[in-house]
Amino acid sequence: MANDPSIPEHFNDGVTLEEEAPPALKKPKMYQVVLLNDDYTPMEFVVELIEKFFRKDRETATRIMLMIHTEGKGVCGVYTQDIAETKASQVNNYSMQHQHPLLCEAEPCNDDEES
Ligand code: TYC
């Protein structure tokens, strides 16, 4: 422990080790945008909405919609906080304008699951 301040310098030849500098850029915390299931929104509307707002092809959008329908909720995309919250409110406005009760939320990702 050459840089332990409790050890006088004459015990370590005057050598002081630098702490490793923290990385200049930290990975931003990521947020997942999830859609919740309900009993009223038509499946076709959900599929088209996922294609439109989350840029998925029809096959992927259909798979996500069916996941939500059976499991109760599903992740449509993962973004930084600003983008995730903007997407969730755009989706909620769009669903309201079309008189569907579909709900969308942005929630922090579990850090352990990030790649
Ligand atoms: N459960 C809806 C139905 O049976 C379909 C649906 C899927 C609704 C996904 C919302 O996020 C949703 N018409």
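Scroll up for the structure.
Residues numbered from 1 in each chain as written. Predicted model: local features only at pLDDT ≥ 70, side-chain atom pairs only at ≥ 80, totals over all residues. Heavy atoms only, no water.

**Notes on the side chain of glutamine 32**
Then step 1. Structurally, glutamine 32 can be placed in strand S1 (residues 30–36).
Then step 2. With relative accessibility at 18%, the residue glutamine 32 sits in the buried group.
Then step 3. With residues near it in sequence (within four places) discarded, glutamine 32 still touches Val75, Gly77, Val78, Glu105, Ala106, Glu107 and Cys109. (Helix = DSSP H or I, 4+ residues; strand = E, 2+ residues; numbered from the N terminus. Buried < 20%, exposed > 50% of the residue type's maximum accessible area, 1.4 Å probe, protein only. Contact = heavy atoms within 4.5 Å.)

**Remarks on the site of the ligand**
Then step 1. The environment of the ligand is made up of Leu35, Leu36, Asn37, Asp38, Thr41, Met43, Val46, Met65, Ile68, His69 and Leu102.
Then step 2. For the ligand, an oxygen atom lies 2.8 Å from a polar atom in the backbone of leucine 36.
Then step 3. Contacts to the ligand include histidine 69, whose side-chain N or O atom sits 2.9 Å from a nitrogen atom.
Then step 4. Relative to its unbound accessible surface of 350 Å², the ligand loses 89% to contact with the protein.
Then step 5. Ranked by residue count, the leading element in the shell around the ligand is helix H2 (residues 58–71), at 3 residues.
Then step 6. Classifying every residue of the shell around the ligand by side-chain character gives 7 nonpolar, 3 polar and 1 charged. (Near = heavy atom within 4 Å. Polar contact = N/O pair within 3.5 Å; in protein donor to acceptor, adjacent residues only side chain to side chain. Areas by Shrake-Rupley, 256 points an atom, 1.4 Å probe, with all protein chains shown as cover. Nonpolar A, V, L, I, M, F, W, Y, C, P; charged D, E, K, R; others polar.)

**Some remarks on the sheet that holds S1**
Then step 1. In space, the 3 strands of this open sheet follow the order S2-S1-S3, with antiparallel pairing throughout. For this open sheet the edge positions go to strand S2 (73–80) and strand S3 (103–108), each flanked by a neighbour on one side alone. The average undirected angle you get between the axes of adjacent strands in this sheet is 25°.
Then step 2. One ladder, built from 6 bridges, connects S1 with S3; its direction is antiparallel. For valine 34, the partnering residue across the bridge sits in S3 and is glutamate 105. (Pairing = 2+ DSSP bridges. Axes fitted to C-alpha atoms, helices over the stretch in contact; angles between N-to-C directions.)

**So, the packing of helix H1 (residues 43–54) against helix H3 (residues 81–97)**
Then step 1. It is the contact of H1 with H3, at a shortest axis distance of 11 Å, that shows an interaxial angle of 145°. Every pair of crossing elements has a handedness; the one defined by H1 and H3 is right-handed. In this structure, H1 uses Phe45, Leu49, Lys52, Phe53 and Phe54 to contact H3, whose residues at the interface are Lys87, Gln90, Val91, Tyr94 and Ser95.
Then step 2. Class assignment for the residues of the contact of H1 with H3 results in 6 nonpolar, 2 polar and 2 charged. (Left-handed = near helix turned anticlockwise from the far one by under 90°.)

**Brief notes about the pattern of salt bridges**
Then step 1. Under the definition given, this model contains 5 salt bridges.
Then step 2. The partner of aspartate 111 in a salt bridge is lysine 29, with the nearest N and O atoms 2.9 Å apart. Of the two residues, aspartate 111 sits in the segment after S3 while lysine 29 sits in the segment before S1, which places them 82 residues apart along the sequence.
Then step 3. Where arginine 58 meets glutamate 51, a salt bridge forms, and the shortest distance between an N and an O atom there is 3.0 Å.
Then step 4. A network of salt bridges, in which partner residues are shared, links Glu44, Glu48, Glu51 and Arg58. (Salt bridge = Lys/Arg side-chain N within 4 Å of Asp/Glu carboxyl O.)

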